[in-house]
Amino acid sequence: MQFSNFESLKTVLSVVFRGDMTALDEFCHSIDLNPERLHHPTGHYGSDLADRYWPALAQVAGSPHPGMVIGQQMALVGGGMVNHLMRVSPDLRTAVHHVCQYHNTFANRDCYDTFGVREEKDMTVFEIVHAGLDFRLYPYACQQDVELIFTALIVSLSELVRRPVYPQRIEWMGPPPATTDLYDAIYRAPMTFRASGNRLYFRRQELSRPVLTYNQVLYTHFQQTIENLLGESSQSFGDTVRQLMLRRLTNHQFVTAEDLSVHLNLSVRSFQRRLEAEGTTFLRIAEEARKEVALQLLRTGSHNISEIAYLMGYDEPSSFRRAFKRWTGQSPKSFHQTSRVTSMA
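For clarity, every value in this text was computed on a predicted model and none was experimentally measured.

**Describing the overall build of the protein chain**
Item 1. A tally of regular secondary structure across the protein chain gives 19 helices and seven strands.
Item 2. Since a compact globule built from 345 residues should have a radius of gyration of about 20 Å, the 22 Å found for the protein chain is in line with a globular shape.
Item 3. Seen through its C-alpha atoms, the protein chain measures out along the principal axes to roughly 65 × 45 × 40 Å.
Item 4. The buried share among the 345 residues of the protein chain stands at 48%.
Item 5. A sequence separation of at least 24 residues applies to 66% of the contacts in the protein chain between residues at least 6 apart.

Structure below.
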């Protein structure tokens, strides 16, 4: 899976090597990366590269937690246009929301199941959860990615108000480290490990603090600039939703419009309106995705019909059978048998 973009990797490595091009080139060769990719940083790179460069960065940083070490140095340096927007946002809560809203400008949206913020009683919760397959295959790379983002966010928020900003508590998906000294020094908050997600819990009152460099004119300008850049993307919003649905279903996770609207940092109504503007609906996209994945599972024979019905989000196998007959004109059993005969021919 595509993990992040080369522009972000270039920023990280620029912070680490501070203009030492010889050391940077040697590092790139050590992880089997052509340095030219950083001179022309377009496109995304895969999780396998992230799995190579994070251990190598740990050696350079002299710490098993290079994400936190580098995050302290990056702060408002990384993130490009989003960081410009944060600097002129009206308050910290708005700045945090923009990090989530526009995270696909510095990371690959599809590598996360969740990259969002939500309000929970008197808390504002910032949450990151990598795609399930990535987290299982590349747990160290995923953990360092989160540690970098969390650390850079904490340092950035503190700089925006020129006073320390700390979360009330933190949850990590990874296992507890051998020592929490670096965590304690940076976050100064109680922590839980092996949680269901990576989460920073801030008091809502803390994030209501005004950003000292707020500028309404620049705020409007940077927000419009980012929207224009995103609008130039060739992929439609409907295509984005469809890809998310396919990935979740392939990972045996059926999701609702509410789930995806949270993932995309939109209200459910805004989510629905954007699909309607493209002449489609969530139900139509979900139906197409269910059909595609169900056909794939029936061809492979890896699951029986009841299991496929459950994975596709149907309450009863009979509901799935009716839907399948509507899609193909065949029953799931007949389709599976036909597929087997075809594959054996």
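Let's pick the thread back up.
**Re the pattern of salt bridges**
Item 1. In total, this model carries 13 salt bridges according to the counting rule given.
Item 2. Put simply, Arg 118 and Glu 120 hold a salt bridge, and the shortest N to O gap is 3.1 Å.
Item 3. Among the residues examined, Arg 118 registers a relative accessible area of 31% and is labelled partly exposed.
Item 4. The closest approach of N and O atoms between Arg 209 and Glu 206, which form a salt bridge, is 3.6 Å.
Item 5. A relative accessible area of 29% places Arg 209 in the partly exposed class.
Item 6. When its relative accessible area of 16% is taken as the criterion, Glu 206 is described as buried.

**Regarding the side chain of Glu 171**
Item 1. Looking at where Glu 171 falls in the secondary structure, it is placed in strand β5 (residues 169-171).
Item 2. Judged by relative accessible area, which is 15%, Glu 171 ranks as buried.
Item 3. Within the structure, Glu 171 has its side chain in polar contact with the side chain of Arg 199 (distance 2.5 Å).
Item 4. In this structure Glu 171 touches Thr 192, Ala 195, Gly 197, Asn 198, Arg 199 and Tyr 201, once residues within four positions along its chain are discounted.

The rules behind these values
Residues numbered from 1 in each chain as written. Predicted model: local features only at pLDDT ≥ 70, side-chain atom pairs only at ≥ 80, totals over all residues. Heavy atoms only, no water. Helix = DSSP H or I, 4+ residues; strand = E, 2+ residues; numbered from the N terminus. Rg over C-alpha atoms; globule rule 2.2 N^0.38 Å. Buried < 20%, exposed > 50% of the residue type's maximum accessible area, 1.4 Å probe, protein only. Contact = heavy atoms within 4.5 Å. Salt bridge = Lys/Arg side-chain N within 4 Å of Asp/Glu carboxyl O. Polar contact = N/O pair within 3.5 Å; in protein donor to acceptor, adjacent residues only side chain to side chain.

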